[in-house]
Every structure is written in structure tokens, then in C-alpha cells.
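Read off the chains here:
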Amino acid sequence: MNAASPIGGKFFHALLMECFAEQRHPTEDEVDSIASKIWRESHGSLTGQTWQDVARGSDAHRQMIHAARAALGVDRQIAA
């Protein structure tokens, strides 16, 4: 699914179940789609800023990607 496409809870749950059933990690595009949903439902709804306008590599972008990966059960903290 394209990150620019609106997604809902049904997509998240279907993706989560698919990843578990197939024992695979989500693709980066799938993670980005979930990050977009998290952004839209939190910060974006308050500021009007779209996910596509969030600078890649910014703190906000990293936080949303981290949250999406955590929601999908694939977030791993890299030991420093």
C-alpha cells in the first residue's frame, strides 16, 4: 500500500495478522504506511502537516517510524 493512501485500523490489523501468519517482517513501505497513520492521528490532526511533509531523518520522522515498528512488533533497539 502506498504511504500516501489513507489507511485505517483494518489495514493495520490485516497487515499485523499477515506478518504473523507468514512469519515475516513488514516491508519498509508497510512500516511507512503505519507511521503515516500514527502521524495523521496524532500530530497531523493537530498541525495539519501531512506525513509526506515531515522531513526524513528528523526527530519527528524517526519517532513515528519507531512507533510504527513497535506497533508491528519489529522494533529492535540497537545496542550502542
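Right above here is the structure, for reference.
Residues numbered from 1 in each chain as written. Predicted model: local features only at pLDDT ≥ 70, side-chain atom pairs only at ≥ 80, totals over all residues. Heavy atoms only, no water.

(A) Structural detail: helix α3 (residues 59–71). Between its first and last C-alpha, α3 extends 18 Å over 13 residues, near the 18 Å set by a 1.5 Å rise per residue. Listed as buried for α3 are His61, Met64, Ile65 and Ala68. The buried residues of α3 occupy an angular sector of 100 degrees when the element is viewed end-on, so they sit on one face. Where α3 ends, the next residue or the one after it, Gly73, has phi of about 75 degrees, a positive value. (Helix = DSSP H or I, 4+ residues; strand = E, 2+ residues; numbered from the N terminus. Expected span 1.5 Å × (residues − 1). Buried < 20%, exposed > 50% of the residue type's maximum accessible area, 1.4 Å probe, protein only. Arc of directions from axis to C-beta.)

(B) Highlighting the packing of aromatic side chains. In the structure shown here, the tally under the stated rule is one aromatic pair. Measuring from centroid to centroid gives 6.3 Å for Trp39 and Trp51, while their planes differ by 45 degrees, and the two rings are tilted. With Trp39 in helix α2 (residues 28–47) and Trp51 in the loop between α2 and α3, this pair connects stretches of sequence that are twelve residues apart. Considered together, Trp39 and Trp51 belong to a single accessibility category, that of buried residues. (Phe/Tyr/Trp six-rings, centres within 6.5 Å; stacked < 30°, edge-to-face > 60°.)

(C) Looking closely at the packing of α2 against α3. Relative orientation of the contacting elements α2 and α3 amounts to 110 degrees, with a least axis distance of 8 Å. One way to sum up the angle between α2 and α3 is to call them roughly perpendicular. Crossing of α2 over α3 shows right-handed handedness. For the pair α2 and α3, the contacting residues are Glu28, Val31, Asp32, Ile34, Ala35, Ile38, Trp39, Ser42 and His43 in the first and Ala60, His61, Met64, Ile65, Ala67, Ala68 and Arg69 in the second. For the contact of α2 with α3, the residue count by class is ten nonpolar, three polar and three charged. (Axes fitted to C-alpha atoms, helices over the stretch in contact; angles between N-to-C directions. Parallel < 35°, antiparallel > 145°, perpendicular 65-115°, else oblique. Left-handed = near helix turned anticlockwise from the far one by under 90°. Contact = heavy atoms within 4.5 Å. Nonpolar A, V, L, I, M, F, W, Y, C, P; charged D, E, K, R; others polar.)

Nothing here speaks to function; it is all geometry.
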